[in-house]
Amino acid sequence: MTLQIVATTTQSWQARLAAQDATLRIHLLGIGGAGLSAIAQLLVEMNFQVSGSDRQLNANMQRLATLGVTIFAEQTAANLTRDQATQQPDVVLISSAIGADNSEQQAAERLHIPVVKRSEFLPVLLANRQLIAVAGTAGKSTTTALIVKVLREAGIEAGYIIGTDLPGYGNAAAGKHRCFVLEADEYDRMFLGFSPSVAIITNVEWDHPDCYPTPASFRHAFRQFIDSVRRDGLVISCADDPGAEQLRLYQQTRGPQWITYGTGEQANWRAVQVTAIVGAGYQAELEWQQTPKGTLTLQVPGLHNLRNALAAIAVAQWVALPLPTVLASLQHFGGTARRFEYKGEAQGVTVIDDYAHHPVKIAATLAAARKRYPQRRIWAIFQPHTYSRTKHLLQEMADSFGDADQVLVTDIYAAREQDDGSLSALDVVTASSHLHMQYISGLAPTAAYLAAEVQAGDVVITMGAGDSDKIGAMLLEKLKSDK
């Protein structure tokens, strides 16, 4: 019996994770973020022993604490050494935002605890699942959410990780079905190392220059991702996106089946006779290889979301779901957190928040706003995200606000980076030809300026992957208090 116990306890963390050994202790460094909080949810549902820390307490951490996760609202070496007999973890999972100078990571290394990233951890955790992986520069979260909603409402209890909250579903679940839907993040090459049964490519547009120094290196990573798809699997890509089409033409003879979606004539799944519904989304006739298949109606605005819905339909076809069931589910999709999310209205001013931080996303969000609110003045409030992205995509970023009437740019959200003083948010304004764009430093001053300038009928859209949503909350509070 003693020999059996020794053999069990000396197994690698990978073997114990794959075997779903409930005694495995997993500590998540950066647990408050969207990526690691979702993984923590999965681990709890799979009965692992879970702890985690972050720089300050947030809603994700509070929710996980109610599920029994040991939460530390600071990152310190003491988190790993408080009681080594019972709390020292077997493996530490770190977010991509954690730097080598993090004291808690350094403590783990001194204690010889394996320190791994998502790209090493998730393929082991999901090795026995039939993986549906959603990749692309933009649209990953919404497309993942649409697929999850379609599968779940059709009775397929798939597991999932989404990079945002889907109302009624949250951002993660272990699921009981073999299918698992994963938002496959390209940052830090997280999406490599899997063997998906289905891969979705929404678009391929250079991003994350801190990780991919050239457009070619970005495209190469996507080629590696496609090469990892099972040879008996399926790739689903957007025929309307030049980057995704370039990837298809390069890879299509090398393995899995490949089908496309979009609005152009070359797409297998195609939306035709597209009509924007004022104050809502879109209605379009659906075709599969030029054969009519019914009517697709969406509440959410934006042609990009119409394409995202087509990707979900293609997945549903692979799962063999009845199309009427799928279309009914899509019609009732109301969006996700921080994706054209309605935040409120005061004094006739509508406030919306969106995660858009890449030029493609900014332009798509504002195009959706212009279609939904064709006669209203649109304010775009933009917080650039990371110095490297702002520097390398400066001109594209500056040129992406054409559908906004007024644009305010506030300070760059540093995230994982340091300000070297060579660039500021003012450079976005200087590079733009927009006639009504200005820079305002600070969230509170931006909200104060808006409160003094907006009028009844205006639409204010806060955009960014940092904390730009606070501007909308402050604006609504000011407008309500001034009544």
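Scroll up for the structure.
Remember, predicted model here, so these are calculated numbers, not experimental data.

(A) Fine view of the packing of helix α3 (residues 34–45) against helix α7 (residues 118–125). Taken N-terminus to C-terminus, the directions of α3 and α7 make an angle of 30°; their axes are 13 Å apart at the nearest point. For the element pair α3 / α7, the angle class is roughly parallel. The handedness of the crossing between α3 and α7 is left-handed. On α7, the residues touching Gly35, Leu36, Ile39, Leu42 and Leu43 of α3 are Arg118, Phe121, Leu122 and Leu125. Among the residues forming the contact of α3 with α7, the class breakdown is seven nonpolar, one polar and one charged.

(B) How the structure looks around the packing of aromatic side chains. Enumeration according to the criterion identifies seven aromatic pairs in this entry. Ring centres of Tyr212 and Phe218 lie 5.2 Å apart, and the angle between their planes is 90°; on these two criteria the pair is classed as edge-to-face. In terms of burial, Tyr212 and Phe218 fall into one category: buried. A centroid spacing of 5.1 Å and a plane angle of 50° characterise the contact between Phe218 and Phe222, whose relative ring orientation is tilted. Taken together, the residues Phe218 and Phe222, both in helix α9 (residues 215–227) and four residues apart, mark about one turn of the helix. Judged by relative accessible area, which is 1%, Phe218 ranks as buried. Looking at Phe222, the relative accessible area reads 1%, which means it is buried. One aromatic cluster is present, formed by Phe191, Tyr212, Phe218, Phe222 and Phe225 through successive ring pairs.

(C) Spotlight on the sheet that holds strand β1 (residues 25–29). Strand order in the open sheet made by the five strands is β3-β2-β1-β4-β5, with parallel pairing throughout. The outermost strands of the open sheet, each flanked by one partner alone, are β3 (70–72) and β5 (115–116). Relative to the sheet, α3 contacts β1, β2 (49–53) and β4 (91–94), its axis offset from that of β1 by approximately 165°. Helix-sheet contacts for α7 involve β1, β4 and β5, and the interaxial angle to β4 is about 115°.

(D) The side chain of Thr386, seen in detail. Here Thr386 lies in the loop between β18 (378–382) and α14 (387–392). Of the polar contacts made by the side chain of Thr386, one reaches the backbone nitrogen of Arg389; its length is 3.3 Å. Setting aside residues up to four positions removed in sequence, Thr386 forms contacts with Ile412, Tyr413, Ala414, Ala415, Arg416 and Glu417.

(E) Local environment of the pairing of strand β6 (residues 130–135). With five of six residues buried, β6 is to be regarded as a mostly interior element. Bridge count between β6 and strand β9 (residues 179–183): five bridges; the pairing is parallel. When the bridges of β9 are listed, Gln130 appears paired with Cys179. Where β6 and strand β10 (residues 198–201) come together, four bridges link them in parallel fashion. When the bridges of β10 are listed, Ile132 appears paired with Val198.

(F) Inspection of the nonpolar core at higher detail. Formed by 58 residues in total, the largest nonpolar core has its most connected members in Leu17, Leu28, Leu43, Phe121, Leu125, Ile201 and Phe225. Counting residues per element, this core draws most heavily on α3, at seven residues. In this structure, Leu17 is in contact with Leu24, Ile26, Leu43, Phe48, Phe121, Val124 and Leu125, ignoring residues within four places of it in sequence. Membership of the second largest hydrophobic core comes to 47 residues, among which are Leu166, Leu298, Ala309 and Val315.

(G) Seen up close, the packing of helix α8 (residues 140–153) against helix α12 (residues 323–331). Orientation of α8 relative to α12, taken along the N-to-C sense of each, is 125°, at an axis distance of 9 Å. Taken as axis vectors, α8 and α12 run oblique relative to one another. As α8 runs across α12, the sense of the crossing is right-handed. Between α8, through Leu146, Lys149, Val150 and Glu153, and α12, the contact on the second element is made entirely by Val326, Ser329 and Leu330.

How each quantity is defined
- Residues numbered from 1 in each chain as written.
- Predicted model: local features only at pLDDT ≥ 70, side-chain atom pairs only at ≥ 80, totals over all residues.
- Heavy atoms only, no water.
- Axes fitted to C-alpha atoms, helices over the stretch in contact; angles between N-to-C directions.
- Helix = DSSP H or I, 4+ residues; strand = E, 2+ residues; numbered from the N terminus.
- Parallel < 35°, antiparallel > 145°, perpendicular 65-115°, else oblique.
- Left-handed = near helix turned anticlockwise from the far one by under 90°.
- Contact = heavy atoms within 4.5 Å.
- Nonpolar A, V, L, I, M, F, W, Y, C, P; charged D, E, K, R; others polar.
- Phe/Tyr/Trp six-rings, centres within 6.5 Å; stacked < 30°, edge-to-face > 60°.
- Buried < 20%, exposed > 50% of the residue type's maximum accessible area, 1.4 Å probe, protein only.
- Pairing = 2+ DSSP bridges.
- Polar contact = N/O pair within 3.5 Å; in protein donor to acceptor, adjacent residues only side chain to side chain.
- Core = buried A, V, L, I, M, F, W, Y, C linked by side-chain atoms within 4.5 Å.

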